[in-house]
Amino acid sequence: MSSGRAQGIFDGLPIPADKAYLKEGLSRIDGSWAASRFDSLPHVVHILTSKDREGEVRFLTEQSDLVEDVVDEVVHVYHHGFNKAIQNYSQILRLFSESAESISILKVDMANAKKFLGSRNKQLHQLWYRSLTLRHVLTLLDQIESVSKVPARIEKLIADKQFYAAVQLQVQSMLVLEREGLQVVGALQDIRSELVKLRGVLFYKVLEDLHSHLYNKGEFSSASLSISEMEDQVLNATAIDSSVNSSQPLSRRTRLVKIENYFGGSLSADGLYRPGSIDDASSFEGHDDDSVEIAENAVSDGVHADGNIKKNSRQMPTWLSSAMPDEFLESMKKSDAPLYVKYSRTLVECLCMLGKVAAAGAILCQRLRPTIHEIITSKVKVLAVQKSSKSGLDLVTKKDNSDIYDSSGILDGFQVLKPKSKNNSSFSATQLVVSPVSPIMTPKGTAQSAASEFLNSILDYIICILENHIVVGELLESKLSQQSDNVLTPKAASSDTVWGADSESSQTGGFNVGFSLTVIQSECQQLICEILRATPEAATSDAAVQTARLGKKNPAKEKRDGSEGLSFAFRFTDAAASMPKREAGQGWQRGASAQQEGYGTSAVLPDQGIYLAASVYRPVVQFSDKVASMLHQKYSQLMNDGLLAFIEKFLKDHFLPAMFVDYRKSIQQAISSPAAFRPRANGSVYKPLVENGRPVLQGLLASNMLAKEVLGWAHLMPKYANELVEFVQTFLERTYERCRTSYTEAVLEKQSYMLIGRSDVEGLMRVHPSNAYLWKSHDQSPNSVPDAETVEVELEISELLLGLRPIKQEQLIRDDHKLILLASLSDSLEYLADSVESLGDIFGTSFSKTLDKNLNNQAHRHTRSTSAVPPSFASLAEEYRRLAIDCLKVLRLEMQLETIFHLQEMTNREYLEDQDAEEPDDFIISLATQIMRRDEELAPFVSELKRNYIFGGISSIAANASIKALAEIRSINLLGVQQICRNSIALEQALAAIPSINSEAVQQRLDRVRTYYELLNLPFEALLAFIQEHEYLFTRKEYSSLLKVNVPGREIPADADKRISGISSH
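All values reported here derive from a predicted model rather than from experimental measurement. (Residues numbered from 1 in each chain as written. Predicted model: local features only at pLDDT ≥ 70, side-chain atom pairs only at ≥ 80, totals over all residues. Heavy atoms only, no water.)

**Topic: the side chain of Asp886**
Here is the rule: Secondary structure elements are taken from DSSP: a helix is a run of H or I of four residues or more, a strand is a run of E of two residues or more, and numbering for both begins at the N terminus. Only protein chains enter the accessibility calculation, which uses a 1.4 Å probe. A residue is then buried if its area is under 20% of the maximum for its type, exposed if over 50%, and partly exposed in between. Note on definitions: a residue-residue contact is assigned when non-hydrogen atoms from the two residues lie within 4.5 Å.
Take Asp886: it is sitting in helix H32 (residues 871-903). Residue Asp886 is classed as buried on the basis of its relative accessible area of 16%. Beyond its immediate sequence surroundings of up to four residues, Asp886 is in contact with Arg740, Tyr743 and Ile756.

Written as structure tokens, this is what we have:
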């Protein structure tokens, strides 16, 4: 433990490596020897009490020698360091002594200097003041020399269209002339007056350039810049399509979100611009001289400021290349706005710096309406020249499918069929006579597409102009807000903290976004009125009043009642193009005194009138959408009372009522005229397509065409689709009622009409396999091979119909024209039902998809109809189809009853012929002739499948009626049997001649008749054997009838009936 303490105490001593034994010796020294309070008594006692006293003394002597050796080594090592430290300390003491002596001398010298300077204070002050005066004189001379060159420099900058640099120089020079010392210099009065004149010149130059820029006529306007140029010059490589014909312009509100950062400098209370580089103080301090030097260098022909600008030429527009750097230029460098927006900002900044915002606004307000009118007129003239250069073909209607219709739009399904052959002349005549508008004014007519194309091109250009007005208006609004923040005191701010449109108008000469929007919409409204041939006299006066109200200098006194929107009142000089020989007062007639004035749109459009309101609606909606996307929410009221409200009010209050009246009269004329339900065949063969001559009744063809036409208007005006669909449903229901009336007139009080109203007959006809023919398409061939179920149903129907005997002639439809009408009515109703279903499908799928694509992307104030297929379309189609089926059922029953009417002559007579039959009976000849004649008459009006249904029930009725007639025949001989067989063969040949009827099925049914009557020639035993072999070929009653009829020469046992009954019972 002691050695450990010694090692710790003596560690670190500088002992050489060759004397390691010293370390070992030190480690053996007890630590008590190195204690701070050493006590020698224990060591003395230890030695005295030790047995080997000499050894202990010798050990202590060795340790003492060891310690001395260690001390010698330590002293040897540290000796040089000790000497150096002593020398340094001596040098420090010497330096301190010398410094103390120097400070004492310096204090004495400073006291002497203070005493000397105090005696010359006044002379020094005079010299200092003289130096300031001389410096000021030199500064004034420099400023006078610099200002004298300013007018020439400003004129050069104006010639180079460096308006901002010129305005900067003019404003700064005027500030320099107003400084103390220069105001009294007589030589500068001419320069001052010349600068004032240049201020006016600059104002008009900037104003003219801004006016041209607003209407896309300037060098840096959106219409003058290509997309590539904009991409190269706009910061951050922002690609913006600013084409005049752009259908989706970018929102200026998005580009001007941080418009407050676009402006450098500040506006003072007097409205003058104060650049950030010019100090407002008038003292003669050093920074004034610096500012004058900056101003001088910025406008000099030297290269100081100009060189600084050129360093950033790739980021700075060319019209600012000579401007002096300030906050505005810095904001332009950082801005990523389009080039023409930057140019607008520059021109507005120049007006603010000149203090001419109100004067510029007043002039712009005065020029706005005439300029817009001139632009529209010039565009119309250009389009007219283009139209005339196309050799009479309208440029905007040359395309086969107009852009106003989507490729999958509803009108693709509503395309009115055009005649392709001479057989369709009646269809073309129907279109010309029925439609209340001429072909070019129909929903897909050339006038509609031309009007839409024309208005789209005008409104697209107006959108670009309005965008520029919104940019400038919002820039001025931002300037006004900055000015209000600077000049409003706390008291004034508390009393009027909201800057409304009136306050802004008073400081901008009436020019603001609201004013521009109102005037532009008013001009567009007058253009639309000219297209519609409406005279908006009240609207014009109202717009003029509102323009004056918005341009007043003190509009705050005007009563604001929320009625400043565009309110339109108008009268009409005419409407859509009327058809020749139409009655006066029917629809909107074209007056002969229609004036050719205004914008000259008659030179561009094929026709004008109220029916063009439909094609005007969609461009106006798109225009309102684009404008709404660019405007701030506070202008929503102007949009609500603007152009869209006008066109919607016009459509609701004028166009739709007029159109409903016209189409109501047209449908009434179409279905009530004598030719409406007059069947007309095109050839002797049925044609399934209307284009090829399908004989659809003119009344139903006209109804279908008008329905498509009205729904075409619904496509053009989706907001009013519900009203138009309801109107279509109404006149389709009226058409159905007229068809029902015609059908009733043809079958009234006839036996067939009464039968189809009976539930038992209806049930049997429904379960008969031929009922499926009513729902099959034209290209499906019938399959009429009778089976057991079919035979059973036919037997029930035959018994039911045979139970109606005797059938009288007045109970049948003997007029073939009525039968043809029923056939034609059935086919026409089926055609109309298919068309109504297709209209419903198109209206519910393609139309709704088109609406979702074009309208659902925008949140609008006006409501649009995107409803699905109205249930009444499907129900109407079902009603049409049900009535068509009733017509076919009547015809089928009529032919069956006609067959029974002729075959009932077989009863209550004797077939005792005396010679072989060469010809069938007269009633069979009459029936066969009638069948063939009616088939020939009905062939052009119904398909083969429907003819099979109409005539397919004759064979079964004839077979069953012939077999049942035996029970009522009194006598028959062998030649009589041959006569009846001859009758069945003649009837079979007549039915087989009908192409649509399955001759095999006819033969199978009538062979049964011949087999049955030939059994009369068999002896009883042979007959009995036949019955045993063919027990189910005929019924028991029919077998019994064979025994009851009197056949000369045939012997029948008394128990014959019993024996036959026995066979049947087994």
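Alright, that's what it looks like, and here's the rest.
**Details of a nonpolar patch on the surface**
This is how it is decided: Here the term patch refers to residues with relative accessible area over 30% and no salt bridge, with like charges joined within 9 Å and nonpolar side chains (Val, Leu, Ile, Met, Phe, Trp, Tyr) within 5 Å. Reported accessibility uses the Shrake-Rupley method at a 1.4 Å probe radius. Residues are deemed covered only where the shown protein chains occlude them. For this analysis, a salt bridge means a side-chain nitrogen from Lys or Arg found within 4 Å of a carboxyl oxygen belonging to Asp or Glu.
Taken together, the side chains of Leu41, Val44, Val45 and Leu48 make up a nonpolar region of the molecular surface, amounting to roughly 360 Å² of accessible area. With respect to the element layout, Val44 can be found in helix H3 (residues 41-49).

**A look at unusual backbone geometry**
A cis amide bond links Arg805 to the next residue, Pro806, at an omega of 0 degrees. If you check the backbone angles, Glu749 has positive phi at about 65 degrees while not being a glycine.

**Considering a negative patch on the surface**
Threshold: We treat Lys and Arg as the positive residues and Asp and Glu as the negative residues; His and chain ends play no part in the count. To locate a charge, take atom NZ for lysine, CZ for arginine, CG for aspartate or CD for glutamate.
Taken together, the side chains of Glu62, Asp65, Glu68, Asp69 and Asp72 make up a negatively charged region of the molecular surface. Topologically, Asp65 is positioned in helix H4 (residues 53-118).

**Let's talk about the nonpolar core**
We apply this condition: To form a nonpolar core, buried Ala, Val, Leu, Ile, Met, Phe, Trp, Tyr and Cys residues must be joined to one another through side-chain atoms within 4.5 Å.
Counting 251 residues, the largest nonpolar core has Ile647, Phe655, Trp713, Met717, Ile972 and Tyr1013 as the members making the most contacts within it. With 6 residues, the next largest nonpolar core counts Leu26, Ile29, Leu66 and Val70 among its residues.

**Quick look at the packing of helix H7 (residues 163-177) against helix H8 (residues 189-214)**
Quick reminder of the rule: In this analysis an axis means a line fitted to C-alpha atoms, helices contributing only their contacting stretch, and an angle means the value between N-to-C directions, from 0 to 180 degrees. Geometric relationships in this document are graded by angle, where less than 35 degrees denotes roughly parallel, more than 145 denotes roughly antiparallel, 65 to 115 denotes roughly perpendicular, and other angles denote oblique. Crossing handedness: left-handed means the near helix sits turned counterclockwise from the far one by under a right angle, and right-handed means the same turn made clockwise.
Packing of H7 against H8 brings their axes to within 10 Å, and their N-to-C directions diverge by 155 degrees. With respect to each other, H7 and H8 are oriented roughly antiparallel. In this structure, the crossing between H7 and H8 has a hand that is left-handed. For the pair formed by H7 and H8, the contact residues are Phe163, Ala166, Val167, Gln170, Ser173, Met174 and Leu177 on the first element and Arg192, Leu195, Val196, Arg199, Leu202, Lys205, Val206 and Asp209 on the second.

**A few points about H8**
Under the convention used in this document: The span one expects for a helix is its residue count, reduced by one, times 1.5 Å.
Over its 26 residues, H8 extends 37 Å from the first C-alpha to the last, a length consistent with the 38 Å expected when each residue adds 1.5 Å. Downstream of H8 by a residue or two, Asn216 has a phi angle that is positive, lying close to 60 degrees.

**Digging into the pattern of salt bridges**
With the rule as written, the count across this model stands at 32 salt bridges. One salt bridge connects Glu762 with Arg766, and the closest N-O pair in it is separated by 3.3 Å. Of this pair, Glu762 and Arg766 both sit in helix H28 (residues 759-767), separated by 4 residues, roughly a single helical turn. Put simply, Glu878 and Arg882 hold a salt bridge, and the shortest N to O gap is 3.6 Å. Taken together, the positions of Glu878 and Arg882, both in helix H32 and 4 residues apart, correspond to about one turn of that helix. Given the relative accessible area of 38%, Arg882 is considered partly exposed. When salt bridges that share partners are traced, they join Arg814, Asp816, Glu898, Arg933, Arg934 and Glu937 into one network.

**Points about the packing of H7 against helix H14 (residues 339-354)**
The axes of two packed helices give the description: the angle between them and the distance between them. Formally: The residue classification treats Ala, Val, Leu, Ile, Met, Phe, Trp, Tyr, Cys and Pro as nonpolar and Asp, Glu, Lys and Arg as charged. All others, Gly included, are polar.
Following both chains from N to C, one finds H7 and H14 inclined at 15 degrees, their axes separated by 10 Å at the closest point. Viewed along their axes, H7 and H14 adopt a mutual orientation that is roughly parallel. Helix-helix and strand crossings are classified by hand; for H7 and H14 the assignment is left-handed. Contacts between H7 and H14 pair Phe163, Tyr164, Val167, Gln168, Gln170 and Val171 from the former with Tyr343, Thr346, Leu347, Glu349, Cys350, Met353 and Leu354 from the latter. Looking at the contact of H7 with H14 residue by residue, the classes come out as 9 nonpolar, 3 polar and 1 charged.

**So, the confidence of the model for the chain**
Keep in mind that low pLDDT regions are not for reading the predicted coordinates in detail. Keep this limit in mind: The pLDDT value tells you how sure the predictor is about a given residue, anywhere from 0 up to 100.
On average, the chain scores 74 in pLDDT, and the residues at 70 or more come to 72%. Element-level pLDDT for the chain is lowest in helix H18 (residues 490-495), with a mean of 36, against a maximum mean of 92 in helix H33 (residues 922-938). Low confidence marks residues 538-596, where pLDDT is under 50. Its contacts with residues over four positions away, or in another chain, come to 124 contacts. Low pLDDT (under 50) marks residues 845-870, which in the prediction has 56 contacts with non-local residues, meaning those over four places away or in another chain.

**Quick look at the environment of Lys444**
For Lys444, the location among the structural elements is in the loop between helix H16 (425-434) and helix H17 (446-487). Between the alpha carbons of Lys444 and Ser615 there is a distance of 9.5 Å; along the sequence they are 171 residues apart.

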